[in-house]
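# Survey of secondary and tertiary structure
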Amino acid sequence: MARGRRGRVGLAVALAVCGALALGIGCLVQQRAIDAQNARIAELTAQRDALIESNAQLRDKINFTYTDEYFRREAHRQGYVADDETLYVGGD
């Protein structure tokens, strides 16, 4: 009987070690998945920040189109001059 009991204790210890090893491996796999998700979150956050900056620049451009300066520049670009300006045409 003493031998049988030792065998069962050894089996129990072996099973406990295997269980602990499986749990440890499971934790490592889970940590890898968490690390990958954190990297993806950082990547998406950087993309979001870049888009926010781009949107702010576009908003500034849109707001500029409502100013007198924009209309003056566009008029000059299209060849118009104001009443108090003189149009000079260069000859080739």
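Residues numbered from 1 in each chain as written. Predicted model: local features only at pLDDT ≥ 70, side-chain atom pairs only at ≥ 80, totals over all residues. Heavy atoms only, no water.

## Observations concerning a nonpolar patch on the surface
Nonpolar side chains collect at one region of the surface, where Val 9, Val 13 and Val 17 lie side by side and expose about 260 Å² of accessible area between them. Here Val 17 lies in helix H1 (residues 2-64). Given the relative accessible area of 52%, Val 17 is considered exposed. (Patch = residues over 30% accessible without salt bridge, like charges linked within 9 Å, V, L, I, M, F, W, Y side chains within 5 Å. Areas by Shrake-Rupley, 256 points an atom, 1.4 Å probe, with all protein chains shown as cover. Salt bridge = Lys/Arg side-chain N within 4 Å of Asp/Glu carboxyl O. Helix = DSSP H or I, 4+ residues; strand = E, 2+ residues; numbered from the N terminus. Buried < 20%, exposed > 50% of the residue type's maximum accessible area, 1.4 Å probe, protein only.)

## Some points on the environment of Asp 60
Structurally, Asp 60 is set in helix H1. C-alpha of Asp 60 to C-alpha of Val 9: the two residues are 51 residues apart in sequence and 76 Å apart in space.

## Here we look at the packing of aromatic side chains
By the definition in use, this model includes two aromatic pairs. On the numbers, 5.9 Å between centres and 80° between planes, the contact of Phe 64 with Tyr 70 is edge-to-face. Residue Tyr 70 is classed as partly exposed on the basis of its relative accessible area, which comes to 25%. (Phe/Tyr/Trp six-rings, centres within 6.5 Å; stacked < 30°, edge-to-face > 60°.)

## Description of the pattern of salt bridges
One pass over the structure, following the stated rule, counts five salt bridges. Note that Arg 48 is salt-bridged to Asp 49, the shortest N-O span being 3.1 Å. The exposure class assigned to Arg 48 is partly exposed, which follows from its relative accessible area of 47%. The exposure class assigned to Asp 49 is partly exposed, which follows from its relative accessible area of 40%. Across the salt bridge formed by Arg 73 and Glu 69, the nearest N and O atoms sit 3.0 Å from each other. In this pair, Arg 73 and Glu 69 both sit in helix H2 (residues 68-77), four residues apart, roughly one turn of the helix. Residue Glu 69 is classed as partly exposed on the basis of its relative accessible area, which comes to 29%. Shared partners join several salt bridges into a network, and the residues in it are Glu 69, Arg 72 and Arg 73.

## A word on the environment of Gln 57
Structurally, Gln 57 is set in helix H1. Since its relative accessible area comes to 46%, Gln 57 is described here as partly exposed. Along the backbone, Gln 57 and Gly 7 are 50 residues apart, and their C-alpha atoms lie at a distance of 75 Å.

## Comments concerning the environment of Arg 72
Looking at the element boundaries, Arg 72 is found in helix H2. Counting along the chain gives 10 residues from Arg 72 to Ala 82, while the straight-line C-alpha distance between them is 8.4 Å.

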